[in-house]
Amino acid sequence: MILVTGGAGFIGGNFVLDWLGNPSAEGVVNLDKLTYAGNLTTLQSLSSDTRHVFAHGDISNYELVLSLLKKHSIRAVVNFAAESHVDRSIHGPGDFIQTNVVGTFNLLEAVRAYWSDLPESEKKSFRFLHVSTDEVYGSLSPADPAFSETNPYEPNSPYSASKAASDHLVRAWHHTYGLPVLTTNCSNNYGPYHFPEKLIPLVILNALAGKPLPIYGDGQQIRDWLYVKDHCSAIRRVLEAGKLGETYNVGSWNEKPNLDVVHTICSILDSLRPKADGTSYASQITYVKDRPGHDRRYAIDATKLERELGWKPAETFETGIRKTVQWYLDNQGWTNGVLSGSYRDWVQKQYSNPTDQ
Ligand code: NAD
Ligand code: DAU
């Protein structure tokens, strides 16, 4: 089996669903703390799939991680677990240091203890894949080339600094202990099951609810958008064929200013779900105070991943954003659960006495 951490979150949830969508895939042990961002309703379709084993717990819990690795004879770990929202990191950085730095350290130590005791052939084929972000490279000026794997780290927010720290730990565990690690640094993901604190799902749901669409500052900050299922296929490819100790940037060449993204969403909604009063959803756009330390531009150069491992994204931004808007229109049960908080009630009921498996 493989161990996925943070598999009840946005990208981890999509990854688990995609992985188990292959009938011949190995099983998944899914370790997740179920913070506000963890949502088991995302994984509801797996409720009778015995290849999915959910374990409620923290990557910081060394004993728990070690016991899961041993019990399920894990052959690879994919680490998604993290605090992931930049604005939350500005309001309260403590949880980011605890999970992203201390948690990654404890996870690495448990994995190292397990891996050290494996027979030689299993030791060789074992993999630890760490999922990271382009934000570790800092912010680009308009004329700068896109981030490549050799860009220096210049994280600017508490979130990106904590992710940069975790990347350094992963690198050091390879260099010093020989742990077979791989790191991916990807750009902004979007797609199904995205928690509506992030720009794209927030704008879709606020638009439908008749609420303001908040644009930080002048809305000209640039992000490079990657459809989440393309990210999942890249991770599978790196896990399968990546060179040990290497990092791979993942992106799909879709740089867009935030304001353009919001206008695109509004015009898709205008055609799929026109407003009764005939106005455009764009009339709900509202400029609000900028994010402190807001990075101006991210862009990912994914040439290495394409050249060395033959990976290519399947979606353009135009196809991916249309699918995403349609998904939110078609899955109001999921979104209502998130907006009302009822997904948390269920988690509370089910896991009030954590049963680590
Ligand atoms: P998310 O916030 O949606 O999900 C994070 C998941 O991790 C949640 O299910 C949460 O319950 C779980 N978790 C948090 N702390 C934990 C802990 N201590 N132990 C176990 N589980 C814990 O995040 P996401 O957007 O799915 O991001 C996944 C990973 O990808 C993160 O490492 C993030 O830094 C990275 N990343 C995200 C993006 C993006 O655009 N979303 C882009 C680049 C990199
Ligand atoms: O680049 C990868 C990163 O992308 C990941 O590492 C992070 O986990 C992920 O959250 C994301 O970070 P961003 O800060 O880029 O994503 P967010 O959706 O929060 O914001 C996208 C852009 O939109 C950013 O420039 C801020 C802006 N924004 C965001 C929100 C929530 C607004 O203008 N208004 C908003 O209400």
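Residues numbered from 1 in each chain as written. Chains lettered and ligands numbered in written order. Predicted model: local features only at pLDDT ≥ 70, side-chain atom pairs only at ≥ 80, totals over all residues. Heavy atoms only, no water.

## Concerning the site of ligand 1
So, step 1. Near ligand 1 there are 28 residues, and of these Ile 11, Asp 32, Ser 84, Tyr 159 and Lys 163 occur at the shortest range.
So, step 2. Measuring from an oxygen atom of ligand 1, one finds a backbone N or O atom of Ile 11 at 2.7 Å.
So, step 3. Contact between ligand 1 and Lys 33: a nitrogen atom at 3.0 Å from a main-chain N or O atom of the residue.
So, step 4. Isolated, ligand 1 exposes 840 Å² of accessible area, and the fraction of that covered by the protein chains is 97%. (Near = heavy atom within 4 Å. Polar contact = N/O pair within 3.5 Å; in protein donor to acceptor, adjacent residues only side chain to side chain. Areas by Shrake-Rupley, 256 points an atom, 1.4 Å probe, with all protein chains shown as cover.)

## Comments concerning the site of ligand 2
So, step 1. For ligand 2, the set of nearby residues contains 22 residues, the closest of which are Asp 134, Tyr 159, Asn 188, Arg 291 and His 294.
So, step 2. In this structure, an oxygen atom belonging to ligand 2 sits 2.8 Å away from a side-chain N or O atom of Arg 223.
So, step 3. Within the complex, the protein chains bury 93% of what would otherwise be the 690 Å² of accessible surface of ligand 2.
So, step 4. Going through the elements one at a time, α7 (199-208) and β8 (213-216) are the ones with two or more residues in the shell around ligand 2.
So, step 5. Of all the elements, β8 adds the most residues to the shell around ligand 2, at three residues. (Helix = DSSP H or I, 4+ residues; strand = E, 2+ residues; numbered from the N terminus.)

## Considerations on the sheet that holds strand β3 (residues 52-56)
Think of a sheet as strands paired side by side through backbone hydrogen bonds, with each pair either parallel or antiparallel.
So, step 1. Pairing is parallel in the open sheet, where seven strands are placed in the order β3-β2-β1-β4-β5-β6-β10. Taken across any chain shown, the strands that pair with only one partner, and hence form the sheet edges, are β3 and β10 (247-250). Strand-to-strand twist of the sheet, defined as the mean angle between neighbouring strand axes without regard to direction, takes the value 20°.
So, step 2. By the bridge criterion, six bridges tie strand β5 (residues 127-133) to strand β6 (residues 181-186) in an arrangement that is parallel. Each bridged residue has a counterpart across the sheet, and for Thr 133 the counterpart in β6 is Cys 186.
So, step 3. The sheet strands contacting helix α8 (residues 228-241) are β4 (76-79), β5, β6 and β10, and the helix crosses β5 at an angle near 145°. (Pairing = 2+ DSSP bridges. Axes fitted to C-alpha atoms, helices over the stretch in contact; angles between N-to-C directions. Contact = heavy atoms within 4.5 Å.)

## Remarks on the pattern of salt bridges
So, step 1. Scanning all chains against the criterion turns up 17 salt bridges.
So, step 2. For Arg 236, the salt bridge identified is with Asp 18, shortest N-O distance 3.8 Å. Separated by 218 residues along the polypeptide, Arg 236 in helix α8 and Asp 18 in helix α1 (residues 10-20) bring together distant segments of the chain.
So, step 3. Look at Arg 236 and you get partly exposed, because its relative accessible area is 30%.
So, step 4. With a shortest N-O distance of 2.6 Å, Asp 87 and Arg 291 are connected by a salt bridge. Taken together, the residues Asp 87 in helix α3 (residues 86-91) and Arg 291 in the loop between β12 (285-288) and α10 (303-309) connect sequence positions 204 residues apart. Neither Asp 87 nor Arg 291 differs from the other in exposure class; each is buried.
So, step 5. Connected via shared salt-bridge partners are Asp 18, Lys 229 and Arg 236. (Salt bridge = Lys/Arg side-chain N within 4 Å of Asp/Glu carboxyl O. Buried < 20%, exposed > 50% of the residue type's maximum accessible area, 1.4 Å probe, protein only.)

## Re the packing of α7 against helix α9 (residues 258-272)
So, step 1. Relative orientation of the contacting elements α7 and α9 amounts to 40°, with a least axis distance of 10 Å. In terms of their interaxial angle, α7 and α9 are classed as oblique. Relative to α9, the crossing made by α7 is right-handed. Contact residues: α7 offers Leu 199, Ile 200, Val 203, Ile 204, Ala 207 and Leu 208, while α9 offers Asn 258, Val 261, Val 262, Ile 265 and Leu 269. (Parallel < 35°, antiparallel > 145°, perpendicular 65-115°, else oblique. Left-handed = near helix turned anticlockwise from the far one by under 90°.)

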